[in-house]
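# A structural walkthrough
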Amino acid sequence: MGYIGSYIWSLRQEVGHRRLLVPGAQVLLVDEEGRALFQQRADNGLWEIPAGACEEGGDFADAAVREVKEETGLVVRREDLVPFASLSDPEVHTLTYPNGDVTHCFALCFAARAWSGELSPGLDEVRQADFHPLDRAPQPLLPSTAVVLEMFHEHTATGRFQAR
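Cut-offs and rules
- Residues numbered from 1 in each chain as written.
- Predicted model: local features only at pLDDT ≥ 70, side-chain atom pairs only at ≥ 80, totals over all residues.
- Heavy atoms only, no water.
- Phe/Tyr/Trp six-rings, centres within 6.5 Å; stacked < 30°, edge-to-face > 60°.
- Helix = DSSP H or I, 4+ residues; strand = E, 2+ residues; numbered from the N terminus.
- Buried < 20%, exposed > 50% of the residue type's maximum accessible area, 1.4 Å probe, protein only.
- Pairing = 2+ DSSP bridges.

## Thoughts on the packing of aromatic side chains
Under the counting rule described, the total for this entry stands at two aromatic pairs. Note on Phe 84 and Phe 152: the rings are 5.0 Å apart at their centroids and 75 degrees apart in plane angle, and the pair reads as edge-to-face. In this pair, Phe 84 is assigned in strand 5 (residues 82-87) and Phe 152 in helix 3 (residues 143-158), connecting sequence segments 68 residues apart. Owing to a relative accessible area of 7%, Phe 152 belongs among the buried residues under this scheme.

Below you can see the structure in the form of structure tokens.
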């Protein structure tokens, strides 16, 4: 769908740049070599994992599947998404966009180890995308993505769902 016409876009027409509370999803795609897919944002040059907001009538898994497809060209099935954390800490997950829009994001974080398709970044949002070892994420990294990687590491070590 992209930003124009999205639920967030329609809200912005009413409230301008005011802080919005936004539910969404982040997806850590991990390949058979243990590398994760990172993408460089087109708007600010920071690296992150695929992520985005929920749409009306959808849920966290819908957002995860849609955002992976829009941003990477890859197809992830709902049943291949494994929730491992939730990130809503306003100190970490409040984002200010170059146009002045502010969002406090509430994300369910998923890992996926299976997908189909060819990697083809959606150039309207992503400059480039590539797989990197989890312990050597590309820089500069979006701060919230760094926290998601820490939570994934803790989840992997303990098996416990992480929340921050």
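## A closer look at the pairing of strand 2 (residues 35-41)
In terms of burial, strand 2 is largely enclosed, as six of its seven residues are buried. Here strand 2 runs beside strand 8 (residues 126-133); their pairing, made up of seven bridges, is antiparallel. Note that in strand 8 the partner of Arg 41 across the bridge is Val 126. In terms of strand pairing, strand 2 meets strand 3 (residues 47-48) through two bridges, oriented antiparallel. Bridge pairing in strand 3 places Gln 39 opposite Glu 48. Here strand 2 hands over to strand 3 after five residues, with Gly 45 in that stretch at a positive phi of 80 degrees.

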